[in-house]
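Results of the structural survey
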Amino acid sequence: MSLLVGIYGENAGSGDPQSDYFRLNPATRTLTPSLTARQLLWLQGETVLYLRPFETTPLAPGNRHSVWTSQLAVYDLASHKDTALTSGLVLNDDLASCGR
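Note that the coordinates shown come from a computational prediction; the quantities given were computed from them, not determined experimentally.

**Here we look at the overall build of the protein chain**
Scanning the protein chain for helices and strands turns up zero helices and eight strands. Counting from the amino terminus, the protein chain carries its helices and strands in the arrangement β-β-β-β-β-β-β-β. Looking at the protein chain as a whole, 22% of its 100 residues qualify as buried. Within the protein chain, counting contacts between residues at least 6 apart in sequence, those at least 24 apart form 30% of the total.

As structure tokens, this is what we get:
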């Protein structure tokens with residue numbers, strides 16, 4: 001058995017909160033780095049759907065103000081395979097997941 005645990009924070013000066021997630025094996029007391037996510041949306045078995053921090057995008061050409069964008073992605077905890085589902089145009093909104 002293992003647990004997926006996250007440590008919430010932000011980089012100095014970035015203003016973009018995110019979490020680093022680790023697999024915790026309680027029997028061996030070991031942490032294995034897994035992924036950095038803006039927001040976890042869904043977890044089933046070994047598959048995680050999440051928002052991955054991507055980059056800053058200017059609000060308009062030549063504008064000094066920018067916003068953080070993210071990619072919607074799927075991460076497989078067993079294989080450590082990460083697959084982007086969007087091209088990075090998802091804004092950092094509070095997305096919600098819903099059950100079946």
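**Quick word on unusual backbone geometry**
Excluding glycine, residues mostly carry a negative phi; peptide bonds, for their part, are mostly trans. A positive phi angle, close to 60°, is found at Arg29, a residue other than glycine. Tracing the chain through its elements places Arg29 in the loop between β2 (18-25) and β3 (30-37). Residues other than glycine seldom take positive phi values, yet His80 does so here, at roughly 65°. Among the secondary structure elements, His80 is positioned in the loop between β6 (66-76) and β7 (81-84).

**A closer look at the nonpolar core**
Counting eight residues, the largest nonpolar core consists of Tyr21, Leu35, Ala37, Val48, Tyr50, Ala73, Tyr75 and Leu77. Broken down by secondary-structure element, the contributors of at least two residues to this core are β3, β5 (47-58) and β6. Residues in contact with Tyr21, not counting those within four places in the same chain, are Leu4, Val5, Gly6, Thr32, Pro33, Ser34, Leu35, Ala37 and Leu40.

**Some words on the pattern of salt bridges**
Using the criterion set out here, one finds one salt bridge in the structure. A salt bridge links Arg23 to Glu46, with the shortest nitrogen-to-oxygen separation between them at 3.0 Å. Separated by 23 residues along the polypeptide, Arg23 in strand β2 and Glu46 in the loop between β4 (39-44) and β5 bring together distant segments of the chain.

**Digging into the environment of Ala27**
Of note, Ala27 is situated in the loop between β2 and β3. Residue classification places Ala27 among the exposed positions, given a relative accessible area of 75%. Spatially, the C-alpha atoms of Ala27 and Ser2 are 8.6 Å apart, while their sequence positions differ by 25 residues.

**Digging into the confidence of the model for the protein chain**
Taken as a whole, the protein chain shows an average pLDDT of 76; of its residues, 74% reach a score of 70 or greater. Ranking the elements of the protein chain by mean pLDDT puts strand β8 (residues 90-91) last with 56 and β7 first with 89.

**Quick look at the environment of Thr32**
Considering the arrangement of structural elements, one finds Thr32 in strand β3. You can call Thr32 partly exposed: its relative accessible area is 37%. It is 8.6 Å that separates the C-alpha atoms of Thr32 and Tyr21, two residues lying 11 residues apart in sequence. Every residue in contact with Thr32, bar those within four places of it in the chain, is listed here: Tyr21, Phe22 and Arg23.

How each quantity is defined
- Residues numbered from 1 in each chain as written.
- Predicted model: local features only at pLDDT ≥ 70, side-chain atom pairs only at ≥ 80, totals over all residues.
- Heavy atoms only, no water.
- Helix = DSSP H or I, 4+ residues; strand = E, 2+ residues; numbered from the N terminus.
- Buried < 20%, exposed > 50% of the residue type's maximum accessible area, 1.4 Å probe, protein only.
- Contact = heavy atoms within 4.5 Å.
- Core = buried A, V, L, I, M, F, W, Y, C linked by side-chain atoms within 4.5 Å.
- Salt bridge = Lys/Arg side-chain N within 4 Å of Asp/Glu carboxyl O.
- pLDDT = per-residue confidence, 0-100.

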